[in-house]
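Read off the chains here:
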Amino acid sequence: MAHRNNRTHHTYLLISVVIILSSCFGGKQEQEYTPWGTVVGEAAYDSLPDGALSVGDILSQGEMIMLTLNGPETYYDYHGHGMGLHFMLCEKFAQHIGVKLRVEVCKDTLDMIGRLLRNEGDIIACPVKGDSLASCGPHWAVSRDNTSLLHEVRKWYRADMVAEVKRQQKELLASGGVTRKVYAPIISREKGLISRWDPLFKKYSVVPRLDWKLLAAQCYQESCFDPKAHSWAGACGLMQIMPSTASLLGLQQKDIYDPEKNIEAAARYMAQLMRDFHDVDSQYDRICFALASYNGGKLHIRDAMALARKDGRDATKWAVVGQYVLKLTQPRYYTDPVVAYGYMRGTETYDYVERIMKRWKDYGGRPLRGSSPGMYDGPSTQPVIDNSGAMPRPAKKKHRFSE
């Protein structure tokens, strides 16, 4: 709170210094314009009487604080990036006036309004109404006295922006937004060849103590065996490792596209995630939890487990928890008090796990103790796979996540 209160004080000091220097040196000065077209020193730069920050104050601080609620249309975390219609629109507005955007997720509408009026945020970026608020943009609100910010948002906003941002968001989320070449999911079933990377899967699968064919199935789901695959969110390489994850694993950015180093780092990450779910006894279920965490984040999976426990269900079984992962797309569940990290794209994560486990079976994955009924019918009859130096062949049809 003290930090926010200092913002107005700093602006007063800055203006005072400018006035003193101008009076000392005099002379005709060239006018300096703000990103929104007003002259520096005009009314837009004056701090507001009630302590709310004008556009000029926000510019001097270099950031705008967005107050919102967690949800698919407002704001949610997606692979370390903010998503949601209102977040993306607000980010565009922040870029328009030339500042960074900081997001503060609030508990409810009353919390948002209270924080705005206490000068703990600049704009409410979700539909909200109140006597002390003024509406602007796509159903947003600012303090009624903040005519500077109100005017700027209204001048910037166009009705067609909503449809435009929705299209952009849909494109980003399509197939995880991964750019990659698509190879066939298996080189030769007769020869027992999955991919050219089979020796690496065999070498590093011992780290998480997993069947190497499972790593192969996961790799195909991530990149379709393209070592140069990359996503808009920043995921790179065969196993689509995020830069932040690579840093934690000690994988340097210059090596992130190296096939062996990428697979080795992913294997260590899977080992870490398997350890994180040491409270899950079944190896099959622990693998499912680890895969779900690899895709959707372990904190969201812990939220789903908390919901299962609240309902008196077995929170160590993927057949149970997977259903709550799906439910984390619904307000009733992602706003539940036991949920700490809010909305997630649960359908995507659930589908990720199911497709990998199915492809693992197709690759001849061995049955596991505690596996779901019908998932594995017994030991594989597939031959032992030997790479034999074979190169991948192009797919005869497009194999995508939605295949």
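Worth saying up front: this structure is predicted, and the values here are computed from it rather than measured.

Attention shifts here to the overall build of the protein. Scanning the protein from terminus to terminus reveals 15 helices and 9 strands. Looking at the protein as a whole, 50% of its 403 residues are labelled buried. The long-range share in the protein, meaning contacts at least 24 apart out of those at least 6 apart in sequence, stands at 63%. Entry remark: accessible area of the protein is about 19800 Å², with carbon and sulfur atoms responsible for 53%.

We now examine the environment of aspartate 303. When you line up the elements, aspartate 303 lands in helix 12 (residues 298-310). A relative accessible area of 4% places aspartate 303 in the buried class. For aspartate 303, the residues in contact, after removing those within four places along its chain, are Leu328, Val338, Val339, Ala340, Tyr341 and Gly342.

Let us look at the confidence of the model for the protein. Summary statistics for the protein give a mean pLDDT of 83 and a share of 78% for residues scoring 70 or more. Low pLDDT, under 50, characterises residues 372-403; the stretch is placed with 78 contacts to residues that sit more than four places away or in other chains.

All right, on to the packing of aromatic side chains then. As enumerated under the stated definition, the model contains 13 aromatic pairs in all. The interplanar angle of 65° and the centroid separation of 5.3 Å between the aromatic rings of tyrosine 75 and phenylalanine 87 together place this pair among those described as edge-to-face. Of the two residues, tyrosine 75 is situated in the loop between strand 1 (63-68) and strand 2 (76-78) and phenylalanine 87 in helix 3 (residues 85-97); the sequence distance between them amounts to 12 residues. With a centroid separation of 6.3 Å and an interplanar angle of 50°, the aromatic rings of tryptophan 156 and tyrosine 157 are classed as tilted. Since its relative accessible area comes to 10%, tryptophan 156 is described here as buried. Each member of the aromatic cluster is reached from another via a ring pair, and the members are Phe93, Trp140, Trp156 and Tyr157. Lying across the ring of tryptophan 212, lysine 202 places its NZ or CZ 5.1 Å from the centre. For lysine 327, the ring lying beneath its charged end belongs to tyrosine 324, and the centroid distance is 4.6 Å.

Right, let's get into helix 12. Taking 1.5 Å of rise per residue, the 13 residues of helix 12 would be expected to cover 18 Å, and the 18 Å separating its terminal C-alpha atoms lies within 8% of that figure. Residues His300, Ile301, Asp303, Ala304, Met305, Ala306, Leu307 and Ala308 constitute the buried set of helix 12. Among the structural elements, helix 11 (283-296), helix 13 (318-327), helix 14 (331-334) and helix 15 (346-362) are those in contact with the buried residues of helix 12.

Summarising the element assignment, aspartate 285 is placed in helix 11. Given a relative accessible area of 3%, aspartate 285 falls into the buried group. Sequence-wise, aspartate 285 and lysine 317 are 32 residues apart; in three dimensions their C-alpha atoms are separated by 5.8 Å. In terms of polar contacts, aspartate 285 uses its side chain to reach the side chain of serine 282, at 3.2 Å.

Turning next to the pattern of salt bridges. Scanning the entire structure with this criterion turns up 21 salt bridges. Where aspartate 211 meets lysine 213, a salt bridge forms, and the shortest distance between an N and an O atom there is 3.9 Å. Comparing aspartate 211 with lysine 213, the two get one shared label, buried. For the salt bridge of lysine 254 with aspartate 255, the shortest nitrogen-to-oxygen distance reads 3.4 Å. By relative accessible area, lysine 254 is classed as exposed at 65%. With a relative accessible area of 13%, aspartate 255 lands in the buried category.

Rules used in this analysis
Residues numbered from 1 in each chain as written. Predicted model: local features only at pLDDT ≥ 70, side-chain atom pairs only at ≥ 80, totals over all residues. Heavy atoms only, no water. Helix = DSSP H or I, 4+ residues; strand = E, 2+ residues; numbered from the N terminus. Buried < 20%, exposed > 50% of the residue type's maximum accessible area, 1.4 Å probe, protein only. Contact = heavy atoms within 4.5 Å. Areas by Shrake-Rupley, 256 points an atom, 1.4 Å probe, with all protein chains shown as cover. pLDDT = per-residue confidence, 0-100. Phe/Tyr/Trp six-rings, centres within 6.5 Å; stacked < 30°, edge-to-face > 60°. Lys NZ or Arg CZ within 6 Å of the ring centre and 35° of its normal. Expected span 1.5 Å × (residues − 1). Polar contact = N/O pair within 3.5 Å; in protein donor to acceptor, adjacent residues only side chain to side chain. Salt bridge = Lys/Arg side-chain N within 4 Å of Asp/Glu carboxyl O.

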